[in-house]
Amino acid sequence: MTTPLTESAIVSRLRAAGCVFAEDEARLILATARTPGDASAMVDRRAAGLPLEHVLGWAEFCGLRIAVEPGVFVPRRRTEFLVREAAALAPPRPVVVDLCCGSGALGAALVAGLDEYALHAADVEPAAVRCARANIAPLGGHAYEGDLFAPLPDALRGRVDVLLANVPYVPTDDVALMPPEARDHEPRVALDGGSDGLDVLRRVTAEAARWLVPGGHLLFETSERQVPDAVAAVERGGLSAAVRTSEEFYATVIIGAKPV
C-alpha cells in the first residue's frame with residue numbers, strides 16, 4: 001500500500017525539480033489524484049519534466065476544464081484573448097471551425113456560452129483529434145483528422161462564420177529555444193511554423209475566403225514582429241486585416257474579414 005504523500009513533501013520534490021509554482025501544482029495534483037499511488041506517480045512525471053497539464057490530464061482554459069493527454073499541444077492562457085475577440089464577432093447561431101485545433105479548447109470555449117451553433121474542428125495529429133473529440137463531442141461538435149481544410153465537410157464551404165486558426169508560428173530555428181516542456185513534450189508540428197514562422201498561416205489565408213461566409217472572420221495569433229508579414233498574407237487571401245493586442249494576455253491577434 002502506497003503511503004500518502006503530504007502536500008509539503010510534494011512541494012519539496014517539485015521545488016527540487018525546478019517547478020516555480022510548486023505550491024499551486026502540489027494542490028492541483030492532490031485534488032486530481034484518485035489514490036495515493038496516483039499522486040505519487042503524478043509527482044514523478046512532473047518532476048521528470050512532463051508538462052503539468054499532461055500530468056493532470058486537463059488544462060484550464062477560459063474557465064473550462066479541457067482534457068489534454070501526453071503528446072497534445074497545451075492551450076495557452078494568452079490564447080484566451082483570441083477567444084474573447086472571436087466571441088465579440090460571432091453572429092447568432094454561428095458556424096465555427098477550429099483549425100489546427102489541438103485539444104479543441106478554442107472552439108469549446110467559444111461556443112460554451114451559446115445556445116445554438118455548429119462546431120467543427122480539425123487537426124493533423126491523431127492524438128489531438130482524440131482529445132478534441134472528447135472535449136467537443138459533449139457540445140455537439142465534430143472533430144476530423146487531416147491537413148488544415150482537407151478533412152472538413154465540403155458543405156461548410158462558404159458557410160463558416162468564425163474560423164479559429166491556432167497555427168504554429170514559431171520559426172524553425174527558435175523551436176530549440178522554447179521551454180523544455182513545450183519542445184520535448186508537444187508535437188513539433190504544433191510549434192514549428194517554418195523558416196519565418198508563417199508557412200502554415202500562409203496556407204490557411206490562401207484558402208480561408210473560400211470557406212468563410214461573406215462577413216465572416218478568420219482569427220489567429222502571431223508575434224509582434226510577424227504582424228506586417230501576417231497582415232500581408234491575410235490581404236493576399238482577399239480578406240481585410242485588423243490587428244488586436246492585449247497587454248493583459250501579452251497577445252497579438254490578427255482578424256481577417258471577408259467582404260460582404
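In what follows, the structure referred to is the one given above.
Residues numbered from 1 in each chain as written. Predicted model: local features only at pLDDT ≥ 70, side-chain atom pairs only at ≥ 80, totals over all residues. Heavy atoms only, no water.

Colleague: Sorry, what's going on with the layout of surface pockets here?
Modeller: With a probe scaled to a water molecule rolled over the atoms, the places where space remains empty come into view. Estimated volume of the largest pocket: approximately 1,300 Å³. What lines the largest pocket is a set of 50 residues, among which Val74, Pro75, Arg76, Arg77 and Arg78 lie closest to the centre. If you list the elements that add at least two residues to the lining of the largest pocket, you get helix H2 (22–32), helix H4 (52–56), strand S1 (58–61), helix H8 (180–185), strand S7 (212–222), strand S8 (240–246) and strand S9 (251–257). Tallying contributions element by element places S1 first for the lining of the largest pocket, with 4 residues. (1 Å grid on protein atoms, 1.4 Å probe; cavity = no way out; pocket = protein on both sides within 12 Å on 5 of 7 lines; lining within 4 Å. Points joined across faces, edges and corners; volume = space filled by probe spheres on them. Helix = DSSP H or I, 4+ residues; strand = E, 2+ residues; numbered from the N terminus.)

Colleague: Can you help me understand the environment of Tyr117 in this one?
Modeller: Here Tyr117 is to be found in the loop between helix H6 (105–111) and strand S4 (118–123). C-alpha separation for the pair Tyr117 and Tyr144, spaced 27 residues apart in sequence, amounts to 18 Å. Setting aside chain neighbours within four positions, we find Tyr117 in contact with Arg93, Pro94, Val111 and Leu139. Among the polar contacts listed, one links the side chain of Tyr117 to the backbone oxygen of Leu139, at a separation of 2.7 Å. (Contact = heavy atoms within 4.5 Å. Polar contact = N/O pair within 3.5 Å; in protein donor to acceptor, adjacent residues only side chain to side chain.)

Colleague: Just checking my understanding: could you explain the packing of aromatic side chains for this structure?
Modeller: The geometry of an aromatic ring pair is captured by two quantities: the separation of the ring centres and the angle between the planes. Going through the model one piece at a time under the given rule, you end up with 2 aromatic pairs. On the basis of an interplanar angle of 15 degrees and a centroid distance of 5.4 Å, the ring pair of Phe149 and Trp211 is categorised as stacked. Of this pair, Phe149 sits in the loop between strand S5 (142–145) and strand S6 (160–165) while Trp211 sits in helix H9 (residues 199–211), placing them 62 residues apart in sequence. For the pair Phe149 and Trp211, a shared accessibility class is recorded, and that class is buried. Arg65 extends its terminal NZ or CZ atom over the ring of Trp58, reaching a point 3.7 Å from the ring centre. (Phe/Tyr/Trp six-rings, centres within 6.5 Å; stacked < 30°, edge-to-face > 60°. Buried < 20%, exposed > 50% of the residue type's maximum accessible area, 1.4 Å probe, protein only. Lys NZ or Arg CZ within 6 Å of the ring centre and 35° of its normal.)

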